[in-house]
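Now for the letters of each chain:
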Amino acid sequence: SALFDFIIIIILNMQDRKFSVSPFETMSNSKADDEPPKKYTRPQPSLSSLPDDIVLRCLVRVPRSYHLNISWVSKDLRSLVRSPEFNVLRSTLPKSSLHVCLEEDDDDDNSSFHWFTLNETSTTEYGLVPNPTLFPPHPKYGSSTVSVGSKIFFIGGSIEPSTDLWILDTRTGSITRGPSMSVPRRQRYAAVEVIDGKIYVLGGEPYIDGRLFHQVEVFDPKSKTWEVTEEEDVRKISNCSATVEEKVYMVDYEKTSVYDPREGEGGERLVQMDKLNDMAHSVCVVEDVLFAFFNKTGLMWFDTKLDVWRRLVGRDGKELMFILDAGAMAEYEGRLVVLYMGDEDIFDVPVTQSVRCMFVSLDRAGGKICGTIDWSGTVATVPFMFRFLHCLAVSG
């Protein structure tokens, strides 16, 4: 994690500094010769002993949600986190692009797919613009998706089960076919997530010859090979899943399940967690925290220490003013991005609809997470038949 990197950087910087032994410890006399030598204790590293420019370079690697905690440590750190130099350094860090796919349905059950990118149109405004790199039309865009680096992987089928794998390079716009899975799967019932650079596929299997398959398959993007692992009883009715702390969390109706591939023999890889009498519309992970937007309870985050869902509130402890639905969510520049379709006049026949967006900054305070809405507004206007299909953060 970035916080771990931050600690390592501090230690490495301090190791480069030379600590000298006090002259009193090196003096030799008859009394000192009779006593056992005292063990020298090296001074502990301290941020205050480092130059401001080194401290800044360490701080910019800390997740945004920890900035509030840092500002409480001391006045010096608070001034650094709020300084213009800090913001300039953060702007130079590698950034991800947020790719949004909207599906257009017609009455003939034919779908077309339209790709957009969320861009900063000015210092205070954002827009959802057509993807600068043209993605070719492809029927598999409706499949389960996951991103690794600059590539998007489309796995299985959308309506009909399939063993297909297609790989889209977002830098060039080219799409190629990969090796097939062993078991056909379809999008709604499958969980597709990345753990340690490998793609795990759980569930999504149909009945074949009267048997329900529950095989877990793992794809290695480097070797381009599939591996069939153990069988797990994954039965899903939604496609809401995400990876947190190297585990796959599946948020389904009235249950949350977690799959840990690191559990060895004798341990349960698939465990049922907190039960919530609600249905999730969309999920995402921001700085290793799982968020979900539920039908009744709205936006919540999952406390992995107590295995319970908690409502996201503001710094004042009051509930944030959120919309009734979230079409898509993702992490973007260390913040939670919520996308949804704007309301239409029900007395008129709608032709277009607005795509609205919220940027939410997150702060950790003790064992709680608080949110602040930094920006909200309309980012695009699209035909009324458009709906959210995918929302993926892709690195350059």
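Looking at an unreviewed UniProt entry, one finds the protein named F-box domain-containing protein, with Brassica napus as its source organism.

Novice: I would appreciate a short explanation of the sheet that holds strand β23 (residues 335-341) in the present structure.
Specialist: Strands in a sheet are paired, the pairing made by backbone hydrogen bonds, and the direction either parallel or antiparallel. On the basis of which strands lie adjacent, the open sheet formed by 4 strands has the order β22-β23-β24-β25 and antiparallel pairing. Each edge of the sheet is formed by a strand with only one pairing partner; in this case those strands are β22 (328-332) and β25 (368-383). When strand polarity is set aside, the average angle formed by the axes of neighbouring strands in this sheet is 20°. In terms of strand pairing, β22 meets β23 through 5 bridges, oriented antiparallel. Within the sheet, the bridge partner assigned to E331 lies in β23 and is L336.

Novice: I would appreciate a short explanation of the pairing of strand β4 (residues 144-148) in the present structure.
Specialist: Both faces of the sheet carry side chains from a regular strand, because those side chains alternate between them. Direction of pairing for β4 relative to strand β5 (residues 151-155): antiparallel, over a ladder of 5 bridges. Counted as the bridge partner of V148 is K151 from β5. Here β4 folds back onto β5, and the loop between the two strands holds 2 residues, one of which, G149, carries a positive phi near 65°.

Novice: Hey, could you run me through the packing of aromatic side chains in this one?
Specialist: Centre distance and the angle of the planes are the two values used to describe a pair of aromatic rings. All chains considered together, the criterion is met by 15 aromatic pairs. Aromatic side chains F113 and Y141 sit 5.9 Å apart centroid to centroid with 90° between the ring planes, which places their arrangement in the edge-to-face category. Of this pair, F113 sits in strand β2 (residues 111-120) while Y141 sits in the loop between β3 (126-130) and β4; the two residues are 28 residues apart in sequence, bridging distant segments of the chain. The same class applies to F113 and to Y141, which are both buried. Ring plane angle 65° and centroid distance 5.2 Å describe the contact between Y126 and W375, whose orientation is recorded as edge-to-face. Here the residue Y126 occupies a position in strand β3, and W375 occupies one in strand β25, the gap between them amounting to 249 residues. With respect to class, Y126 is no different from W375; both count as buried. Feature note: the residues F113, W115, F135, Y141 and F154 constitute an aromatic cluster, connected by ring pairs.

About the criteria used
Residues numbered from 1 in each chain as written. Predicted model: local features only at pLDDT ≥ 70, side-chain atom pairs only at ≥ 80, totals over all residues. Heavy atoms only, no water. Pairing = 2+ DSSP bridges. Helix = DSSP H or I, 4+ residues; strand = E, 2+ residues; numbered from the N terminus. Axes fitted to C-alpha atoms, helices over the stretch in contact; angles between N-to-C directions. Phe/Tyr/Trp six-rings, centres within 6.5 Å; stacked < 30°, edge-to-face > 60°. Buried < 20%, exposed > 50% of the residue type's maximum accessible area, 1.4 Å probe, protein only.

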